[in-house]
Amino acid sequence: MFAGASEADLFESSRGRLEAIAYRLLGSAADAQDAVQDTYLRWSSAERDYVESPEAWLTKVLTNICLNQLTSARARRETYVGQWLPEPVFTGDPMLGPADTVEQRESVSMAMLTVMERLSANERVVYVLREAFGYQHSEIAEILEITEANCQQIFRRAKQHMATGRTRIEVDQAAATKIVEGFLDAAINGDTETLISLLTENVISIGDGGAFVSTLSRPLVGADRVARFLRLLVRPTEKKRTNLGGAPVMFAAVVNGMPAVVITVNGRVVGLLCLEVTTDGIAAFHGQVNPGKLVRANQWWADIEHGNPLVESW
């Protein structure tokens, strides 16, 4: 039995919500799209007489697909080259889903998506559905086929794991530009003292290049060490230009709700450096240079206004 026009329209009306759930669960826009497509294939051949609530049915099927993907993803990440980071998504992209509450916006920050990797698969599902989408414990329990009391217990445990003690600052494009401009000015000019003053004492820097681009083999921690590394990172050299395929042009943007340096070469995004800004300063840098995790970012970048570049003679 294949979905007719009305059934297909019903699914399409749910696609955005399903993609947003899957992205939070998987940390990958590409995997989220695949999970939603698999959900559609199952929806297209489902016996409609047995579907009491299409929304609940679709959410349950999607969740089960994501649970299976999380299990296999954990196995793949054991052999992943270097550090693993989530796939960055520009703010404004529908993949990020609802952003009406602090909880919803927090749930797609690079910092929180990275911390979510510590959760078990069930903890991640319960946390995402409850915290970001407001599902009742009774609804989540039915999806996972567990008791409501167990669901509440899992949620409390997940909340404890997710607590970072950091108060992040929410930014718009103007604020992001100001923050990124200050950071780049200090880093490029070698103003170590100013650069360190922008960072928290225990700031962390993580880079993900996969098997394609050489990055830090492990996280770098501490204001002095991170500042020195960032100075070297943004210092222009002919070798860097050759490796990048040209001189990079740098912009400021908001990515996953955080200020970010967008590094482009010949109009193509080759790197995103996301800054986790807290009330105490910049607490983390998440650098994504794995080309496979910049596909959606490039698609989005090609269709939006970029504003003026902050660095174009590097």
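Everything numeric here is computed off the predicted structure, so don't read it as measured data.

### Considerations on the overall build of the protein chain
Assigned secondary structure in the protein chain consists of 13 helices and six strands. Its C-alpha atoms put the protein chain at 65 × 40 × 40 Å along the principal axes. Taking as baseline every contact in the protein chain between residues at least 6 positions apart, the subset at least 24 positions apart corresponds to 68%. Between the mean site of the 30 positive side-chain charges and the mean site of the 39 negative ones, the protein chain shows a separation of 8 Å.

### Brief notes about the pairing of strand β4 (residues 258-265)
Counted residue by residue, β4 has seven buried out of eight residues, so it is predominantly covered. Direction of pairing for strand β3 (residues 249-255) relative to β4: antiparallel, over a ladder of seven bridges. For Phe251, the partnering residue across the bridge sits in β4 and is Val262. Adjacent in sequence and paired antiparallel, β3 and β4 are bridged by two residues, among which Asn256 carries a positive phi angle near 50°.

### Focus on the domain arrangement of the protein chain
By the assigned domains, the protein chain splits into domain 1 (7-163) and domain 2 (173-303). Its C-alpha centre places domain 1 at a distance of 28 Å from the equivalent point of domain 2. Listed by partner, the interface residues are 25 residues for domain 1 and 29 residues for domain 2. Taking both partners together, domain 1 and domain 2 bury about 2200 Å²; carbon and sulfur atoms supply 60% of that area. Looking at the side of domain 1 facing domain 2, the largest losses of area belong to Gln83, Leu85 and Phe90, adding up to 35% of the total buried there. Joining domain 1 to domain 2, the criterion identifies one salt bridge. Of the charged contacts in the structure, one is a salt bridge between Arg296 and Asp93, with a shortest N-O distance of 2.8 Å. Inspection of the region where domain 1 meets domain 2 yields 13 residue pairs in polar contact (both at pLDDT 80 or more).

### Concerning the packing of aromatic side chains
Within the structure shown, the criterion is met by six aromatic pairs. A ring pair is formed by Tyr127 and Phe155, whose centres lie 6.5 Å apart and whose planes are at 25°; its orientation type is stacked. Of the two residues, Tyr127 is situated in helix α6 (residues 121-132) and Phe155 in helix α8 (residues 148-162); the sequence distance between them amounts to 28 residues. Taken individually, Tyr127 and Phe155 each receive the classification buried, so the pair is uniform in this respect. Taken together, Phe90, Phe251 and Trp301 form an aromatic cluster joined through their ring pairs.

### Here we look at the side chain of Glu117
Looking at the element boundaries, Glu117 is found in the loop between α5 (110-115) and α6. When its relative accessible area of 17% is taken as the criterion, Glu117 is described as buried. Contacts of Glu117, omitting those with residues within four sequence positions, involve Arg74, Arg77, Trp84 and Arg124.

Thresholds applied
- Residues numbered from 1 in each chain as written.
- Predicted model: local features only at pLDDT ≥ 70, side-chain atom pairs only at ≥ 80, totals over all residues.
- Heavy atoms only, no water.
- Helix = DSSP H or I, 4+ residues; strand = E, 2+ residues; numbered from the N terminus.
- Contact = heavy atoms within 4.5 Å.
- Lys, Arg positive; Asp, Glu negative; His and termini not counted.
- Charge placed at Lys NZ, Arg CZ, Asp CG, Glu CD.
- Buried < 20%, exposed > 50% of the residue type's maximum accessible area, 1.4 Å probe, protein only.
- Pairing = 2+ DSSP bridges.
- Domains from an automatic or database assignment.
- Buried area = accessible area lost by both parts, 1.4 Å probe.
- Salt bridge = Lys/Arg side-chain N within 4 Å of Asp/Glu carboxyl O.
- Polar contact = N/O pair within 3.5 Å; in protein donor to acceptor, adjacent residues only side chain to side chain.
- Phe/Tyr/Trp six-rings, centres within 6.5 Å; stacked < 30°, edge-to-face > 60°.

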